[in-house]
Amino acid sequence: MLKAYTGTVGRRYKEESEKLIPDPYLHDYTKIILSKAFRRLSSKTQLITMPNNPHIRTRLIHTQDVIGVSVAIASQLGLNEHLCMAIAAGHDIGHTPYGHAGERALSKFGNKPFKHYVNSVVVAQHIERKGAGLNLTHETLNGILGHSRGDNKLAVGKDAIQEHSVVMFADKIAYIFADANDAVRYGFLKEEPNLLHDFGPTQIDRHMKIVAELVKESKEKGYVDFTESKAAQKFGELRTFMFDHVYSKIDWSLHETILWKLCEFFAKDVDLGIDPVLAVSLLTDREANHFATLLLNQKKPGIEEIKSWGVYEILPHIKGKKIDYSDPDLGWGKTKR
């Protein structure tokens, strides 16, 4: 068994509710799944935008998959399941409408990289609870920040917080298997790739096998890793296949145009009092599609037509605040005792 992370540098500020749920990470998990940002994930893209088929995953279903895979791994390695649950639940709460296409569009409009893993920490600290933030532990926030390698490569090794690595790998396992499954269901692929069958005939079989292989490699190394075994190599090949034959082939140009138009609308036509890029990131696919419908009807959208959007429930509490979606603002954890 590996060594579970049990300590914490704490939260940004103390609160009375800590007495009700003494375990800091179960407390974090509860806060996240009760948040507005978590609920919005039900109307955000995983692979397909607003699918008509209820069996196709949304961003919320993906998040639930990551929670499940994380717990399966952590339980077999003797790690802190509650910390994994909290990180997994919050890892995508800062995602844009239309998934990674949204990140690209907002990066272009804002003239600086928009990274969902950074914005997830920003949402947790500066948007939720009427701008007061969820007040999560530093370990949960740092795990959310590091779940995607991107520019913030997550270190693996004996000295790393192992639960952070668990969620990083669980995220990849969850989206690759699910996206391959949905790509066939939606017609992007004619049939499941043979590489997928190497892990079993069904989704449950595949998850069970890959978790077992990851646990085996991690136990042999003494830290969470899944990069060198034969199973890890095959998974890497499957991941490459998905990027080459699915992700890079989907035409997101219309979605990116819609988000660009939304940014222009919030920047020029409506005084939100916050960065238009941040405002658009808080929207759902459904709201973005509604805006596109107004444009297709050659109707210039007005405030009254979009006041039912969730962002208008949030705006009064963050208007005028200087919130930087590119700054995770985690420096406070370095001095916390």
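In this report, the structure presented in the accompanying data block is examined. Position numbers for residues start from 1 in each chain and track the written sequence from start to end. The model is predicted, so local features are restricted to residues of pLDDT at least 70 and side-chain atom pairs to those at 80 or more, both for listing and for counting; the totals for chains, interfaces and linings are taken over all residues. Side-chain figures throughout are based on the complete set of non-hydrogen atoms in the structure, without hydrogens or water.

1. Re the environment of Pro24
Argument step 1. What counts as a helix is a DSSP run of H or I of at least four residues, what counts as a strand is a run of E of at least two, and both are numbered from the N terminus. Within the element layout of this structure, Pro24 appears in helix H1 (residues 24-33).
Argument step 2. For the pair formed by Pro24 and Ile176, sequence separation is 152 residues and the distance between their alpha carbons is 31 Å.
Argument step 3. Residue contacts are counted whenever heavy atoms from the two residues lie within 4.5 Å of one another. Every residue in contact with Pro24, bar those within four places of it in the chain, is listed here: Thr8, Arg11 and Thr137.

2. A few points about helix H6 (residues 116-127)
Argument step 1. The end-to-end C-alpha distance of H6 is 14 Å, clearly below the 16 Å that 12 residues give at a rise of 1.5 Å each.
Argument step 2. Where burial is concerned, most of H6 is hidden: 12 out of the 12 residues are buried.
Argument step 3. Among the residues of H6, His116, Tyr117, Val118, Asn119, Ser120, Val121, Val122, Val123, Ala124, Gln125, His126 and Ile127 are the ones counted as buried.
Argument step 4. Directly beyond the C-terminal end of H6, a positive phi value near 50 degrees is found at Arg129. What a helix is expected to span follows from its residue count: subtract one and scale by 1.5 Å. Remark: exposure states derive from per-residue accessible area (1.4 Å probe, protein chains only) relative to the maximum for the residue type, with buried under 20%, exposed over 50%, and partly exposed in between.

3. Here's the deal with the nonpolar core
Argument step 1. What we call a nonpolar core is a set of buried Ala, Val, Leu, Ile, Met, Phe, Trp, Tyr and Cys residues that are connected through their side-chain atoms within 4.5 Å. Formed by 105 residues in total, the largest nonpolar core has its most connected members in Phe177, Leu262, Phe266, Trp309 and Tyr312.
Argument step 2. Take this core: its biggest share by element is 12 residues, from helix H8 (residues 162-186).
Argument step 3. Apart from residues lying up to four places away in sequence, Phe266 is in contact with Leu272, Pro276, Ala279, Val280, Leu283, Ile306, Trp309 and Tyr312.

4. Looking at the packing of aromatic side chains
Given two aromatic rings, their pairing is described by the distance between the two centres and the angle made by the two planes.
Argument step 1. Planes of paired rings set the category: under 30 degrees apart is stacked, over 60 is edge-to-face and the rest tilted, where pairs are Phe, Tyr or Trp rings (Trp by its six-membered ring) whose centres lie within 6.5 Å. Under the criterion given, the structure shown has 11 aromatic pairs.
Argument step 2. With a centroid separation of 5.3 Å and an interplanar angle of 35 degrees, the aromatic rings of Phe114 and Tyr325 are classed as tilted. Note that Phe114 is positioned in the loop between helix H5 (99-110) and H6 and Tyr325 in the segment after helix H16 (311-318), a separation of 211 residues in sequence. There is no split in this pair, since Phe114 and Tyr325 are both buried.
Argument step 3. Ring centres of Tyr186 and Phe188 lie 5.6 Å apart, and the angle between their planes is 50 degrees; this geometry places the pair in the tilted category.
Argument step 4. Only when the NZ atom of a Lys or the CZ atom of an Arg is both within 6 Å of the ring centre and within 35 degrees of the ring normal do we say a charge sits over the ring. Across from the ring centre of Tyr325, 4.7 Å away, lies the NZ or CZ of Lys112, which sits over that ring.

5. Brief notes about the layout of surface pockets
Argument step 1. Size it by volume and the largest pocket reaches roughly 630 Å³.
Argument step 2. A cavity here means a set of 1 Å grid points, computed over protein atoms only, where a 1.4 Å probe fits but cannot escape. A pocket is an open set with protein on both sides within 12 Å along at least 5 of 7 lines, and lining residues have an atom within 4 Å of a point. As for the largest pocket, its lining consists of 28 residues, and the residues nearest its centre are His100, Tyr175, Asp179, Phe243 and Tyr247.
Argument step 3. Taken together, the elements giving at least two residues each to the lining of the largest pocket come down to helix H3 (59-77), H5, H8 and helix H11 (230-247).
Argument step 4. Three classes are used: nonpolar for Ala, Val, Leu, Ile, Met, Phe, Trp, Tyr, Cys and Pro, charged for Asp, Glu, Lys and Arg, and polar for all others, with Gly counted as polar. For the lining of the largest pocket, the per-class residue count stands at 8 nonpolar, 12 polar and 8 charged. Grid points are joined across faces, edges and corners, and a volume is the space filled by probe spheres set on the points.

In short, the description is geometric, and any link to function would need to be established separately.
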